[in-house]
Amino acid sequence: MSQATLDAERGAAKTPGRTWTIAELAREFGVTARAIRFYEDEGLIAPERQGTTRVYSAGDRARLGWVLRGKRLGFSLGEIRDLLNLYHSDHSGVQQIRGVLHKSREHIAELEKRLRDLRAQLAEFREVEAQAEAFLRGKGVDPDSEDR
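The following refers to the structure shown. (Residues numbered from 1 in each chain as written. Predicted model: local features only at pLDDT ≥ 70, side-chain atom pairs only at ≥ 80, totals over all residues. Heavy atoms only, no water.)

Moving on, we get to the nonpolar core. Leu25, Ile36, Tyr39, Leu44, Tyr56, Leu64 and Ile80 are the most contacted members of the largest nonpolar core, which totals 20 residues. Every element with two or more residues in this core is listed here: α2 (22-29), α3 (33-41), α4 (58-73) and α5 (77-89). The residues touching leucine 44, leaving out its near neighbours within four places in the chain, are Tyr39, Arg63, Val67, Leu77, Ile80, Arg81 and Leu84. (Core = buried A, V, L, I, M, F, W, Y, C linked by side-chain atoms within 4.5 Å. Buried < 20%, exposed > 50% of the residue type's maximum accessible area, 1.4 Å probe, protein only. Helix = DSSP H or I, 4+ residues; strand = E, 2+ residues; numbered from the N terminus. Contact = heavy atoms within 4.5 Å.)

Here it is in structure tokens:
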């Protein structure tokens, strides 16, 4: 878990009455205000409004941390939404963490498959490279020279 996500979760527990502006959260998490508004439009966070100003609670801050971590891990916005919504149905966090575990295992399996595919492709390119070098050397040409 990233330090910003851990800090956000700790902040939600330690500062329940504290609020943040969009600029403060953008600075803290290293994202643009536009990105935060996008996550709001997608229903992933729902700040209060004071007039036209967005006011983010400790819970919004923690959710933003989860959203950003999920994006870094390659989860889709739909997957992130589903995982966040699990918390609302079970405040113990058990269902949410089970969901994270299940989705993580799915992504691990997919990444391992892609890694196997990439290794096979890399091995094939190395074979092509060796054959091309051998051909050029057989013709008396330095394979690393740009001369024709």
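The next point concerns the sheet that holds strand β1 (residues 19-20). Pairing within the open sheet is antiparallel, and its three strands lie in the order β1-β3-β2. Here the strands that pair on one side only, and so sit at the sheet edges, are β1 and β2 (48-50). Of the pairings in the sheet, the one linking β1 to strand β3 (residues 53-57) comprises two bridges and is antiparallel in character. Each bridged residue has a counterpart across the sheet, and for threonine 19 the counterpart in β3 is serine 57. (Pairing = 2+ DSSP bridges.)

Below, the discussion takes up the side chain of glutamate 40. Position of glutamate 40 among the secondary structure elements: in helix α3. With sequence-adjacent residues up to four places away left out, glutamate 40 is seen in contact with Ile45, Pro47, Arg49, Arg54 and Tyr56.

Once their charged atoms are close, side chains differing in charge can pair, the charge on each being opposite to the other. The tally for this structure, following the rule as stated, stands at eight salt bridges. Of the charged contacts, one joins glutamate 79 and lysine 103 as a salt bridge, the two residues approaching to 3.6 Å between their closest N and O atoms. Separated by 24 residues along the polypeptide, glutamate 79 in helix α5 and lysine 103 in helix α6 (residues 94-138) bring together distant segments of the chain. In this structure glutamate 79 comes out as buried when scored by relative accessible area, which is 15%. Put simply, arginine 137 and glutamate 133 hold a salt bridge, and the shortest N to O gap is 3.9 Å. In this pair, arginine 137 and glutamate 133 are both assigned in helix α6, four residues apart and thus about one turn of the helix distant. (Salt bridge = Lys/Arg side-chain N within 4 Å of Asp/Glu carboxyl O.)

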